[in-house]
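# Structure assessment
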Amino acid sequence: MIEPRCTGELIEAVVLCEQYGLDYAVIGKGSNVLFGDETIETVLIRTVYLDAVQSLPDGRIRALCGVPLGRLAALSAREGFGGLCFAAGIPGTLGGAVFMNAGTSTGEMADVVESAEVLLPEKREIKTLFNQELSFSYRKSYLQDKNAILLSALLKLRSGFDPKLLFEEMRSSNRLRKANQPLEFPSAGSVFRKPDPDIAISKIVDELGLKGRRIGGAEVSKKHAGFIVNVGGATSADVRALIEEIQNTVEREKGFRPIPEIRFIPEV
Ligand SMILES: Cc1cc2nc3c(=O)[nH]c(=O)nc-3n(C[C@H](O)[C@H](O)[C@H](O)COP(=O)(O)OP(=O)(O)OC[C@H]3O[C@@H](n4cnc5c(N)ncnc54)[C@H](O)[C@@H]3O)c2cc1C
């Protein structure tokens, strides 16, 4: 595992992996990743030390890819910048969030990213891309399509808000999250993408009687059937087996196969 201390080191690590044909993955907090059980031959480049952030006077925030979303949300609230409250309870970094276009029912990264500095590893090129060029859609972005690395981003928020109200909004959304999501157990977040904006996979999983289904230490959460939680000693194989069982059951009963939102390292 490599943990770069500046974006120069991140670029160098990626370029070296490309040069020597090594399998590698850039990760943030790993909150959306299921790692394999076996020893992996993937160089992990973890960005959590790339955490410099600067607020600018006009509702903008510039941040490196490793800044935790919770910290970004708190900084924006302190400055009276609105638009980032949705991100307060998402346990990841800016890089993972832009890559995944992370969001909730009240907002997503696509709403707040003005531009992004990205590394295109195959071309060894650094580019600044504006919002439209980042091709954001539901839990998708240009970064996924092009295997691009987010180095930093400029966020455009709305200034002039009362910090107290912003903090209250974040607290209330975090209370809701705590009430509805199984935060007391480890998980990688929502397992599947919504097949349609109006269809929640958790409802279907529940309807099909899979809520609480357990394989080894992995369990379809009894609190929120969109999550698979580790209730003790779960292996990656347990989680994968449960994912496959859900996919097979939904396909048989509902005629479509749910697509995982979580990322697998190594890829499956
Ligand atoms: C309890 C819980 C609740 C969650 N709630 C939500 C939610 O409400 N909404 C939501 O959208 N997600 C949610 N998630 C999922 C996850 O937190 C988000 O997707 C988050 O943005 C991932 O950030 P990360 O830094 O942990 O990324 P990682 O998990 O480390 O990586 C995710 C993907 O992004 C890639 N990546 C990471 N950094 C970079 C970079 N700098 N450049 C290029 N690619 C990069 C990785 O290669 C990987 O493919 C939740 C997860 C958990 C565990």
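Since this is a predicted model, take the numbers as computed values, not measurements.

## A look at helix H2 (residues 69–78)
Since one α-helical turn is 3.6 residues long, residues separated by three or four positions face the same way. Residues Leu-69, Leu-72, Ala-73, Ser-76 and Ala-77 constitute the buried set of H2. For H2, the buried positions fall inside an angular range of 135 degrees around the axis, keeping them on one side. Packed against the buried residues of H2 are strand S4 (53–55), strand S5 (60–64), helix H3 (94–100) and helix H5 (163–180). Once H2 finishes, Gly-80 follows within two positions and takes phi at roughly 75 degrees, a positive value.

## Some remarks on the environment of Leu-134
By secondary structure assignment, the location of Leu-134 is in the loop between strand S9 (125–130) and helix H4 (142–146). Residue Leu-134 is classed as buried on the basis of its 22 C-beta neighbours within 10 Å. Along the chain, Leu-134 and Glu-184 lie 50 residues apart, while their C-alpha atoms are 34 Å from each other. Discounting chain neighbours no more than four positions away, the residues touching Leu-134 are Val-113, Ala-116, Leu-129, Ser-141 and Tyr-142.

## Considerations on the sheet that holds S4
The strand order across the open sheet built from 5 strands is S4-S5-S10-S8-S9, with neighbouring strands paired in antiparallel fashion. The open sheet is flanked by S4 and S9, the only strands paired with a single partner. Ignoring which end each strand starts from, the neighbouring axes of this sheet average 15 degrees apart. Taken together, the 6 bridges between strand S8 (residues 113–120) and S9 define a ladder with antiparallel strand orientation. When the bridges of S9 are listed, Glu-117 appears paired with Thr-128. Along the sheet, helix H1 (residues 7–19) contacts S5, S8 and strand S10 (149–156); its crossing angle with S10, the most-contacted strand, is approximately 140 degrees. The strands touched by H2 within the sheet are S4 and S5, with S5 carrying the most contacts at an inclination of about 155 degrees.

## Focus on the packing of H2 against H5
Two elements in contact, H2 and H5, have axes whose closest approach is 8 Å; the angle formed by their N-to-C orientations is 150 degrees. Judged on the interaxial angle alone, H5 and H2 are roughly antiparallel. Only Pro-163, Leu-166, Phe-167 and Met-170 of H5 make contact with H2, whose side of the interface consists of Ala-73, Ala-77 and Arg-78. Its residues placed into classes, the contact of H2 with H5 shows 6 nonpolar, no polar and 1 charged.

## Quick look at the domain arrangement of the protein
For the protein, the assigned domains read domain 1 (52–164) and domain 2 (183–263). The distance between the C-alpha centroids of domain 1 and domain 2 comes to 28 Å.

## Brief notes about the nonpolar core
Residues Val-98 and Leu-150 are the most contacted members of the largest nonpolar core, which totals 46 residues. Going through the elements one at a time, H1, strand S1 (24–27), S5, H2, H3, S8, S10 and H5 are the ones with two or more residues in this core. Sequence-distant contacts of Val-98, that is, excluding residues within four places in its chain, are made with Met-109, Val-113, Ala-116, Ser-141, Leu-143, Leu-150 and Ala-153. Counting 17 residues, the second largest nonpolar core, distinct from the first, contains Val-191, Ala-218, Ile-243 and Ile-246.

## Here's the deal with the environment of Tyr-20
Here Tyr-20 is to be found in the loop between H1 and S1. In sequence terms Tyr-20 and Leu-72 are 52 residues apart; their C-alpha atoms lie 35 Å from each other.

Analysis parameters
Residues numbered from 1 in each chain as written. Predicted model: local features only at pLDDT ≥ 70, side-chain atom pairs only at ≥ 80, totals over all residues. Buried ≥ 20, exposed ≤ 12 C-beta atoms within 10 Å, placed from the backbone. Helix = DSSP H or I, 4+ residues; strand = E, 2+ residues; numbered from the N terminus. Arc of directions from axis to C-beta. Contact = placed C-beta atoms within 7 Å. Pairing = 2+ DSSP bridges. Axes fitted to C-alpha atoms, helices over the stretch in contact; angles between N-to-C directions. Parallel < 35°, antiparallel > 145°, perpendicular 65-115°, else oblique. Nonpolar A, V, L, I, M, F, W, Y, C, P; charged D, E, K, R; others polar. Domains from an automatic or database assignment. Core = buried A, V, L, I, M, F, W, Y, C linked by C-beta atoms within 7 Å.

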